[in-house]
Amino acid sequence: MIEDGSRILSSVVSSQLDVHAKYGGVVPELASREHLRAITAVVRQAMEQAACSYSDLAAVAVTQGPGLVGSLLVGITYAKAICFARGLPLIGVNHIEGHIHAVAMEAGAQLAFPALALVVSGGHTHLFEMREPGAYRLLGKTRDDAAGEAYDKVAKLLGFSYPGGPILDRLAPHGNPNAMRFPRAKMKGNELDFSFSGLKTAVLRWTESRDMTAEIQARRDFCKHTPHPTLDEWLALTPQTTRDAIAAFQATVIDELLTRSQAAADSIDAQSLVISGGVACNAGLRAAAQRSRLPCAVFFPTPALSTDNAAMIAAAAFPKFHRRDFADMTLRANAALTLAGAK
Ligand code: KG4
Ligand code: ZN
């Protein structure tokens, strides 16, 4: 629950990663079932933590898309039911805009415009120009995998559990990123676009060029019995050469993200750079962004607001609330909803 667009009264996140982990990725059917199972308790907990009742609410915001349609439908139906029962306005929010608002609500007036937004998650790697709050122009996007998807796929092929991004991030400082070099993507056409599938294939070829079957299987077997291995347990299962490959992979992703962000920031004379989405949790990316020669101030959300959460959706709904840009009961989930033409 959010007050005045920026004060978080409560933020409850129900993780279903354990349900999906044994399948190595999100299973859409299970995701919607878990949403249905969790939603009543999550809403109740959010109200309790905020010490609010339904009569204190001014509006209900809900993610309209993009995302998995089954999960979106659960949220939209629940939000509509509250609005219908309590006579409240309903506000549909774009998930990508939500990620940007996770930063905007914390940065407040410090966020100078024009701003550049890099949204990096399991589903997105997009660069947007923001001339002013709410005005987006797409500058570049991934042509294949999203950055988080590349992390998860590389982690999976190396035998780590899902989601692999946070695991590789914690292992990367234990390797030498200069011990090997993975290729950088050369983009024809829009040089602000990204591509991560070549990098993923390069890591795959690297594993195939060595006999790593036993090592990879040992990690897979270990996490079958131990759902959340500690860093020390992962390290014990990961020889130095593999740690080096992880460090080199992470360095390549960070380099791709920051090189293009720098070029995009220069091209629009950006006064600030917002980096948000699950991959914005990445410690290596945060450190590299602070070290880099980016031409403007860089803003990251606090880690809890980097990955998916409802507070950012409520924050993104506020400008719409003030414009009285309300949805009605015909609001539909849109799995392919775009922001400035980007899905
Ligand atoms: O924003 P998010 O919670 O959900 C989507 O909208 O996709 O992002 C989840 C993604 C996953 O791919 C996960 O592996 C990645 O963010 N991620 C990370 C880190 N923490 C989460 N990737 C790299 N390093 C991290 N520390
Ligand atoms: Zn997200």
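Our structure's up above, just so we're on the same page.
As a starting point, this report considers the structure included with it. Remember, predicted model here, so these are calculated numbers, not experimental data.

Quick word on the overall build of the protein
Across its full length, the protein carries 13 helices and 9 strands. The C-alpha radius of gyration computed for the protein amounts to 21 Å, which stays within 12% of the reference 20 Å derived for 343 residues, consistent with globular compactness. Referenced to the eigenvectors of the C-alpha coordinate spread, the extents of the protein come out at roughly 65 × 50 × 30 Å. Across the protein, every contact between residues at least 6 apart in sequence was considered, and the portion connecting residues at least 24 apart equals 75%. For the protein, the accessible area works out to roughly 16,200 Å², and carbon and sulfur atoms hold 54% of it. Across the protein, the mean location of the 34 positive side-chain charges is 4 Å away from that of the 32 negative side-chain charges.

So, helix H5 (residues 147-157)
In terms of burial, H5 is a largely internal element, 8 of the 11 residues being buried. Along H5, the residues that are buried comprise Ala147, Gly148, Ala150, Tyr151, Asp152, Val154, Ala155 and Leu157. On its buried face, H5 is in contact with strand S5 (115-120), strand S6 (125-130), helix H6 (164-171), helix H7 (197-208), helix H8 (213-225) and helix H10 (240-268). Of the residues flanking the end of H5, it is Gly159, one or two places downstream, whose phi is positive at about 95°.

Thoughts on the packing of aromatic side chains
Tallying each qualifying case throughout the model produces 6 aromatic pairs. The interplanar angle of 70° and the centroid separation of 6.1 Å between the aromatic rings of Phe128 and Tyr136 together place this pair among those described as edge-to-face. Here Phe128 and Tyr136 have matching classes, each one buried. Here a set of aromatic residues connected by ring pairs shows up, and it is made of Phe318, Phe321 and Phe326.

Digging into the site of ligand 1
Close to ligand 1 lie 18 residues, the nearest being Gly122, Asp152, Asp169, Asn282 and Asp308. Between ligand 1 and the protein, one listed contact pairs an oxygen atom with a side-chain N or O atom of His95 at 3.3 Å. Measuring from an oxygen atom of ligand 1, one finds a side-chain N or O atom of Asp152 at 2.7 Å. Bound to the protein, ligand 1 loses 86% of the 550 Å² it would expose on its own. Those elements giving two or more residues to the shell around ligand 1 turn out to be helix H4 (95-107), H5 and H6.

Examining the sheet that holds strand S9 (residues 297-299)
Spatial strand order, S7-S6-S5-S8-S9: 5 strands in an open sheet with mixed pairing. Taken across any chain shown, the strands that pair with only one partner, and hence form the sheet edges, are strand S7 (136-141) and S9. Sheet twist, expressed as the mean angle between neighbouring strand axes with direction ignored, is 20°. Pairing analysis gives 5 bridges linking S5 to strand S8 (residues 272-276), with the strands arranged parallel.

Calculation rules
Residues numbered from 1 in each chain as written. Chains lettered and ligands numbered in written order. Predicted model: local features only at pLDDT ≥ 70, side-chain atom pairs only at ≥ 80, totals over all residues. Heavy atoms only, no water. Helix = DSSP H or I, 4+ residues; strand = E, 2+ residues; numbered from the N terminus. Rg over C-alpha atoms; globule rule 2.2 N^0.38 Å. Contact = heavy atoms within 4.5 Å. Areas by Shrake-Rupley, 256 points an atom, 1.4 Å probe, with all protein chains shown as cover. Lys, Arg positive; Asp, Glu negative; His and termini not counted. Charge placed at Lys NZ, Arg CZ, Asp CG, Glu CD. Buried < 20%, exposed > 50% of the residue type's maximum accessible area, 1.4 Å probe, protein only. Phe/Tyr/Trp six-rings, centres within 6.5 Å; stacked < 30°, edge-to-face > 60°. Near = heavy atom within 4 Å. Polar contact = N/O pair within 3.5 Å; in protein donor to acceptor, adjacent residues only side chain to side chain. Pairing = 2+ DSSP bridges. Axes fitted to C-alpha atoms, helices over the stretch in contact; angles between N-to-C directions.

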